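The lines below spell out each chain.
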Amino acid sequence: MKKVWIFVFGITCMGLNAQKKWSLRECVDYAVEHNLQVIQNQYSKQVQDANLKIAKREYLPSVSGSMSNSASFGQTLYVNTSVRNDNFSNSSNLSANILVYNNGRLEKTIRKTEYDVEASQYDIETVRNNISLQIAQEYLNTLLNKEIVKISRSAVENAQKQYDRSKITTDVGTTAQTVLAEAEAALAREKQNLKTAEINTSRSLFSLAQLLQLPDYKNFDVEDVNIPDELTPELRSVDEVLTTAYETQPQIKAAESRIRSAEAQTEVAKTSFWPTITASAGVGSFYNNRLNTNITGVDEFGNIAYERNFFQQYKDNFGQNIGVSLNVPIFNKGITKLQVEQSKINESIAKNTFDQQKQSVRESVQKAQFDVDANYEAYLAAVEAAKSSKLSLDFADKSYAAGRTTIFDLNIARNNYANAAGSVAQAKFNYLFSLKLLNFYAGIPLSL
């Protein structure tokens, strides 16, 4: 019994999961969290973070230790006599070096790397923004297709009523057989239009699921959003939006950071013209052993002197050293000068990229504003056309019921109204997307 309840609970959870409908905010949040391009840029940011840590640790001294062992075997010449000379030696050293002066190269490198970190973070935000806009466009396209499905279903219902009425009148002999045939053909056309609209909705849902990189796209669906019947014009000016966009858009801020990074790199390159002062300190000791004998000679009293053991020699031979070195650049084939010139060229490239980004944002804002105005005018025209088509359909329906017009005229009026309703929906969602895009550049988050 317990297993049965577990199975039922699992099926219920699967059903609830399948019925989940995603909001625009959920789609955007999921996409920017799981998109592979965002993840790739996050790795680049982590690399820059590591570079910054490395640059800061250059202030610390570098400490190294070494130990060496060597052995030699063979004869050697000693007072015109060849004697055996087998030796084993061991030495150990510990040294430390620290940079004392280099005209601020370390702090300038740190500052340059900090700008690189900033630019990497803005790159991530840029990718997130691009993905968010793609999600919003596809989301609104899905809602548009759903709206067209509703319009098509209404058209099918009307065509079905017309067919049922024509069948009754044809069966009783008040209308010709051609009237029923036309009604049946009109119903078939509307069903075909409905199926096409449903396929387009599924296709847009599939495209949106691919943007989200969801593995299970078949159970994916979005929330039904209530779009107001009447839309109001946007009164925000282009200059107002541009001012905000220049201050907030991450691609511009990334370009600014890269200008500062290039300028800092020029300062880093110039430090190679200056002397470098380093300080060092170290300790060490050594051990030596004659393998063929442990006699090293005689002491001052004529007694035989024997080799000391390993620890005693290390204690007796222990030494320390300390030093300061100055490295003055005199001539390095003009490489430093060329590196400074290269850095200045990179500054110009970064500034040009900044101008390109500002121009791109300006063009995008101007296009969004143009689309807002144009799409709103198109929406108003579509609404007027839909009102006229609805009035024409009402007259055609009454005329047909009174026998003063044919079913062909009625179907033409119905098709005109369906096309007009679809145009209204298309114009409405086009206006909404252009408005959301303009608001996005004005610093307003995407939402419905």
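Scope of this entry: the structure provided in the associated data block.

1. Remarks on the nonpolar core
Here is step 1: Core analysis: the biggest nonpolar cluster contains 60 residues, and Cys27, Ile135, Leu212, Phe220 and Val365 have the highest contact counts within it.
Here is step 2: Elements with a contribution of two residues or more to this core: α2 (24-34), α4 (105-172), α5 (177-212), α6 (238-248), α7 (250-270), α9 (335-402) and α10 (407-441).
Here is step 3: For this core, the element with the most residues is α10, which contributes 14 residues.
Here is step 4: Excluding residues that lie within four positions of it along the chain, phenylalanine 220 makes contacts with Trp22, Cys27, Leu205, Leu208, Ala209, Leu212 and Leu214.
Here is step 5: Counting residues in hydrophobic clusters, the runner-up holds 16 residues, among them Leu180, Ala183, Ile407 and Ala413.

2. So, the pattern of salt bridges
Here is step 1: For the structure on display, the rule yields 19 salt bridges.
Here is step 2: In this structure, aspartate 224 engages lysine 21 in a salt bridge whose closest nitrogen and oxygen atoms are separated by 3.8 Å. Linking aspartate 224 in the loop between α5 and α6 with lysine 21 in the loop between α1 (2-18) and α2, this pair joins segments that are 203 residues apart in sequence.
Here is step 3: Put simply, lysine 45 and aspartate 49 hold a salt bridge, and the shortest N to O gap is 3.1 Å. One end of the pair is lysine 45 and the other is aspartate 49, both in helix α3 (residues 36-57) and four residues apart, which spans about a single turn.
Here is step 4: Shared partners join several salt bridges into a network, and the residues in it are Lys21, Lys146, Asp221 and Asp224.

3. Digging into the sheet that holds strand β8 (residues 319-327)
Here is step 1: Pairing is antiparallel in the open sheet, where four strands are placed in the order β1-β4-β5-β8. Two strands in the sheet have a free side with no partner beyond their single neighbour: β1 (62-72) and β8. On average, adjacent strands in this sheet sit at an angle of 20° to one another, irrespective of strand direction.
Here is step 2: Pairing of strand β4 (residues 87-101) with strand β5 (residues 276-290), which is carried by 14 bridges, proceeds in the antiparallel orientation. Looking at β5, one finds that serine 89 is bridged to asparagine 288.

4. Focus: empty space enclosed by the protein
Here is step 1: Under the counting rule described, the total for this entry stands at one cavity of 30 Å³ or more.
Here is step 2: Roughly 50 Å³ of volume is contained in the largest cavity.
Here is step 3: If you go around the largest cavity, the residues you meet are Ala159, Ala186, Arg189, Glu190, Asn411, Arg414 and Asn415.
Here is step 4: For the lining of the largest cavity, the secondary-structure elements that each account for two or more residues are α5 and α10.
Here is step 5: In the lining of the largest cavity, the residues fall into two nonpolar, two polar and three charged.

5. Notes on the layout of surface pockets
If a probe the size of a water molecule is rolled over the atoms, the empty space left behind becomes visible.
Here is step 1: Of the pockets and cavities examined, the second largest pocket occupies roughly 320 Å³.
Here is step 2: Forming the boundary of the second largest pocket are 16 residues, of which Ser154, Asn158, Leu393, Arg414 and Tyr417 lie nearest the centre.
Here is step 3: Of all the secondary structure elements, the ones that give two or more residues to the lining of the second largest pocket are α4, α9 and α10.
Here is step 4: Ranked by residue count, the leading element in the lining of the second largest pocket is α4, at seven residues.
Here is step 5: Considered class by class, the residues forming the lining of the second largest pocket number seven nonpolar, three polar and six charged.

6. Quick notes on a nonpolar patch on the surface
Here is step 1: Nonpolar side chains collect at one region of the surface, where Ile98, Val100, Tyr101, Phe273 and Trp274 lie side by side and expose about 480 Å² of accessible area between them.
Here is step 2: Its location among the elements puts tyrosine 101 in strand β4.
Here is step 3: In this structure tyrosine 101 comes out as partly exposed when scored by relative accessible area, which is 33%.

7. Considering the side chain of serine 92
Here is step 1: Mapping serine 92 onto the fold places it in strand β4.
Here is step 2: Engagement of the side chain of serine 92 in a polar contact is seen with the side chain of tyrosine 314, the distance being 2.8 Å.
Here is step 3: The contacts of serine 92, once residues within four sequence positions are left out, are Ser66, Met67, Val283, Gly284, Ser285 and Tyr314.

The rules behind each value
Residues numbered from 1 in each chain as written. Predicted model: local features only at pLDDT ≥ 70, side-chain atom pairs only at ≥ 80, totals over all residues. Heavy atoms only, no water. Core = buried A, V, L, I, M, F, W, Y, C linked by side-chain atoms within 4.5 Å. Buried < 20%, exposed > 50% of the residue type's maximum accessible area, 1.4 Å probe, protein only. Helix = DSSP H or I, 4+ residues; strand = E, 2+ residues; numbered from the N terminus. Contact = heavy atoms within 4.5 Å. Salt bridge = Lys/Arg side-chain N within 4 Å of Asp/Glu carboxyl O. Pairing = 2+ DSSP bridges. Axes fitted to C-alpha atoms, helices over the stretch in contact; angles between N-to-C directions. 1 Å grid on protein atoms, 1.4 Å probe; cavity = no way out; pocket = protein on both sides within 12 Å on 5 of 7 lines; lining within 4 Å. Points joined across faces, edges and corners; volume = space filled by probe spheres on them. Nonpolar A, V, L, I, M, F, W, Y, C, P; charged D, E, K, R; others polar. Patch = residues over 30% accessible without salt bridge, like charges linked within 9 Å, V, L, I, M, F, W, Y side chains within 5 Å. Areas by Shrake-Rupley, 256 points an atom, 1.4 Å probe, with all protein chains shown as cover. Polar contact = N/O pair within 3.5 Å; in protein donor to acceptor, adjacent residues only side chain to side chain.

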